[in-house]
Amino acid sequence: MKDTKIGYQTIGCSVTSCRYNKEGTNCDLNRIEVKPMNNYDGSHSGDPAEESLCGSYCKI
Ligand code: SF4
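Residues numbered from 1 in each chain as written. Predicted model: local features only at pLDDT ≥ 70, side-chain atom pairs only at ≥ 80, totals over all residues.

Draft legend 1. Structural view of the overall build of the protein. Scanning the protein from N- to C-terminus turns up one helix and four strands. Listing every helix and strand of the protein by position from the N terminus yields β-β-β-α-β. In summary, the protein has a C-alpha radius of gyration of 13 Å against a globular reference of 10 Å for 60 residues, an excess of more than 25%. By its C-alpha atoms, the protein is 35 × 35 × 15 Å across when sized along the principal axes. A separation threshold of at least 6 residues defines the contact pool for the protein, and within that pool the share at least 24 residues apart is 25%. (Helix = DSSP H or I, 4+ residues; strand = E, 2+ residues; numbered from the N terminus. Rg over C-alpha atoms; globule rule 2.2 N^0.38 Å. Contact = placed C-beta atoms within 7 Å.)

As structure tokens, this is what we get:
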């Protein structure tokens with residue numbers, strides 16, 4: 001099944017320490033990569049703070 005959301009989503013973000021954050025509410029990038037804290041496989045803890053981080057973050 002084809003993903004029809006590619007290119008149509010917007011990314012809301014309040015991480016103001018990131019250079020891609022726009023006005024404290026949105027991400028300026030067209031695409032981000034969400035990654036688990038422990039590289040590729042994650043810890044499978046179910047804790048959002050460990051399992052789902054923005055891998056496109058870049059410090060200002
Ligand atoms: S790259 Fe990630 S952390 Fe940075 S503004 Fe975009 S969504 Fe937020």
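Draft legend 2. Main features of the site of the ligand. The environment of the ligand is formed by Ile11, Cys13, Val15, Cys18, Tyr20, Asn21, Cys27, Leu29, Ile32, Cys54, Ser56 and Tyr57. Split by residue class, the shell around the ligand holds 10 nonpolar, two polar and no charged. (Near = placed C-beta within 6 Å. Nonpolar A, V, L, I, M, F, W, Y, C, P; charged D, E, K, R; others polar.)

Draft legend 3. Local environment of unusual backbone geometry. In the Ramachandran plot, Glu23 falls in the positive-phi region, its phi being about 60° despite a non-glycine side chain. Along the chain, Glu23 falls in the loop between β1 (21-22) and β2 (26-27).

Draft legend 4. Structural context of the environment of Tyr8. Tracing the sequence through the fold places Tyr8 in the segment before β1. Residues Tyr8 and Asn30, 22 residues apart in the sequence, show an inter-C-alpha distance of 9.2 Å.

Draft legend 5. Structural view of the confidence of the model for the protein. Predicted confidence across the protein gives a mean pLDDT of 88, with 90% of residues reaching 70 or more. Looking at the elements of the protein, mean pLDDT is at its lowest for helix α1 (residues 48-51), recorded as 86, and at its highest for β2, recorded as 96. (pLDDT = per-residue confidence, 0-100.)

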